[in-house]
Amino acid sequence: MIALSLAEIAAVVGGQTHDIPDPSAQVTGPVVRDSREVEPGSLFVAFVGEHVDGHDYAAAVVEAGAAAVLASRPVGVPAIVVDDVQAALGALARHVVHKLGTTLVALTGSAGKTSTKDLIAQVLRRKAPTVFTPGSLNNEIGLPLTALSATEETKFLVLEMGARGIGHIRYLADLTPPKVGLVLNVGTAHIGEFGGREQIAQAKGELVESLPPASEGGTAILNADDPLVRAMASRTQAKVVLFGESGEADVRAENVRLTDSGQPVFSLRTPSGCSDVTMRLYGEHHVSNALAAAAVAHELGMSVEEIATALSEAGSLSRWRMEVAERPDGVTIVNDAYNANPESMRAALRALAAMGRGRRTWAVLGKMAELGDEALAEHDAVGRLAVRLNVGKLVAVGGREASWLQLGAYNEGSWGEESVHVSDAQAAVDLLRSELRPGDVVLVKASRSVGLESVAQALLATGAEGEVAAR
């Protein structure tokens, strides 16, 4: 974070200083909520969680070098005490972003946010220092913490914005007002909480509503291939740039194909020219993500050649998202277990089918959460898609939702031994250990709560002498 005095921080957040001998002392280190991340000069934010109260660590973090604690009660060490720690954190982020004047890029969507954010960051940091959301820390706590990690050298700040209801993105955009706003898609993730795709579109569109007008440099980057996203053009005064495979898109992909290993190849066409891209990531769905990143970079002044090179060299920065590794015996494990929704599940299955040409494929799938009344139909549809894509084996892991996956596969293709329903991750590991053959390709995917990353990790550890050759 930029250096700020404790007195200035207290004034910004509307707090009272307690046990601070010198209010002119500065916070010069990172703002953190995890006591293990404290560095000399840090500001430690004390949240009260379901199981842990950050206030209990106040003395320890100050002893470790923290300049002060942002707290909701006095803690016996230097502290700025506020009524609402979360609101104070947001106010501090808003102040710092305004003071820095950094170009802020915000993105949202039902699927692909984190992968696209990682691509944008890898492209933009070739041009100038870039700070971006780590992992999926895209809520009212993670977003301001990311914004506060920017410094005077930061040229671009790339922030992922998540939402679980109307008004959430409006709140985040108010904390960190973007100049460039990107909406990827409107799908069915969290549809049980929102109540329908129209409500999801309403929430995601709050991002483009928050942008400054075109005369002040505001730019809305919208997916031309998603009608609900494209319609958001009427909700903003910003300049509108379309990306996608549609011929009407300003930034589009032409001649899209996949390599034998399932990596996308395409021609990137922009208003300033065309250049070829061969991606290191796996799955055709990354074409749309790459086009979104290209549209952002093009609007921020990068050439098409620079963008294409950056996209061709970009990798995955976040764990368990189409993370591909190969065992010494030739078994390939695709760990995409960080989260799942119907759109990302279909994309992962198509990637599995492309990667498994001529090889036996396994889809180890579990529950997709927060689908509400759509849960049965969506799980059934994923099971059916596995059959249509000629996936060799389906292993459905878990309870009721897993049984729906298996039912869909059976109804689509009258599957028998090609699909199996197991109770938990360990049962899946036991089954796969006994049946995998050299050369097989295994996809592991479910909502985060299912914890299927443990299946991928166990299978990799099963390789000869426990060694893994990661691609």
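The rules behind each value
- Residues numbered from 1 in each chain as written.
- Predicted model: local features only at pLDDT ≥ 70, side-chain atom pairs only at ≥ 80, totals over all residues.
- Heavy atoms only, no water.
- Core = buried A, V, L, I, M, F, W, Y, C linked by side-chain atoms within 4.5 Å.
- Buried < 20%, exposed > 50% of the residue type's maximum accessible area, 1.4 Å probe, protein only.
- Helix = DSSP H or I, 4+ residues; strand = E, 2+ residues; numbered from the N terminus.
- Phe/Tyr/Trp six-rings, centres within 6.5 Å; stacked < 30°, edge-to-face > 60°.
- Lys NZ or Arg CZ within 6 Å of the ring centre and 35° of its normal.
- Pairing = 2+ DSSP bridges.
- Axes fitted to C-alpha atoms, helices over the stretch in contact; angles between N-to-C directions.
- Contact = heavy atoms within 4.5 Å.
- 1 Å grid on protein atoms, 1.4 Å probe; cavity = no way out; pocket = protein on both sides within 12 Å on 5 of 7 lines; lining within 4 Å.
- Points joined across faces, edges and corners; volume = space filled by probe spheres on them.
- Nonpolar A, V, L, I, M, F, W, Y, C, P; charged D, E, K, R; others polar.

**Student:** I keep staring at the nonpolar core and nothing clicks. Help me out?
**Tutor:** For soluble globular proteins, nonpolar side chains are generally found buried alongside one another. Of all hydrophobic cores here, the largest spans 87 residues; its most connected members are Met1, Ile80, Leu92, Leu349 and Leu365. Here this core gets 7 residues from one element, more than from any other, and that element is helix α3 (residues 85-100).

**Student:** Would you explain the packing of aromatic side chains in this entry?
**Tutor:** Ring pairs (aromatic) are described by centroid distance and by the angle formed between their planes. Applying the stated criterion across every chain, the model contains 0 aromatic pairs. The ring of Phe47 is capped by Arg33, whose NZ or CZ atom sits 5.0 Å from the centre of that ring. Above the face of the Tyr338 ring, Arg321 is positioned so that its terminal group lies 3.8 Å from the ring centre.

**Student:** How should the sheet that holds strand β11 (residues 180-183) be read in this particular structure?
**Tutor:** Note: strands within a sheet are paired through backbone hydrogen bonds, in either parallel or antiparallel orientation. As summarised here, the arrangement of the 9 strands in space is β9-β10-β8-β11-β12-β13-β14-β15-β16, forming an open sheet in which the pairing is mixed. Both outer strands of the open sheet, β9 (130-132) and β16 (273-278), are each paired with one neighbouring strand and no more. On average, adjacent strands in this sheet sit at an angle of 15° to one another, irrespective of strand direction. Examined bridge by bridge, strand β8 (residues 103-108) and β11 share 4 bridges and lie parallel to one another. Pairing of Leu107 across the sheet is with Leu182, part of β11. Lying on the sheet, helix α4 (residues 113-124) is in contact with β8, β9, β10 (156-160) and β11; it crosses β10 at an angle near 175°.

**Student:** Looking at this structure, how should I read unusual backbone geometry?
**Tutor:** The bulk of non-glycine residues show a negative phi, and the bulk of peptide bonds are trans. Residue Asp19 is not a glycine yet carries a positive backbone phi of 55°. Residue Asp19 is classed as partly exposed on the basis of its relative accessible area, which comes to 47%.

**Student:** Help me understand empty space enclosed by the protein in this model?
**Tutor:** Applying the stated criterion across every chain, the model contains 1 cavity of 30 Å³ or more. Space inside the largest cavity adds up to approximately 70 Å³. As for the largest cavity, its lining consists of Ser115, Asp118, Gln122, Leu281, His286, Gly315, Ser316, Leu317, Ser318 and Arg321. With 3 residues, the top contributor of residues to the lining of the largest cavity is α4. Residues of the lining of the largest cavity, tallied by class, amount to 2 nonpolar, 6 polar and 2 charged.

**Student:** Please clarify how the pairing of strand β12 (residues 219-223) should be interpreted in this entry.
**Tutor:** Two faces belong to every sheet, and in a regular strand the side chains alternate between them. When you tally the buried positions in β12, you get 5 out of 5 residues, the bulk of the element. Both β11 and β12 contribute to a ladder of 4 bridges, which runs parallel. Residue pairing in the sheet places Gly181 in a bridge with Ala220 of β12. Both β12 and strand β13 (residues 239-244) contribute to a ladder of 5 bridges, which runs parallel. Bridge pairing links Thr219 to Lys239 in β13.

**Student:** Explain the environment of Leu92 to me, please; I cannot follow it from the model alone.
**Tutor:** Secondary-structure assignment places Leu92 in helix α3. Since its relative accessible area comes to 0%, Leu92 is described here as buried. Separated by 55 residues in sequence, Leu92 and Ala147 have C-alpha atoms that sit 9.6 Å apart. Other than its neighbours up to four places away in sequence, Leu92 contacts Met1, Leu4, Ile9, Val12, Val13, Leu43 and Leu148.

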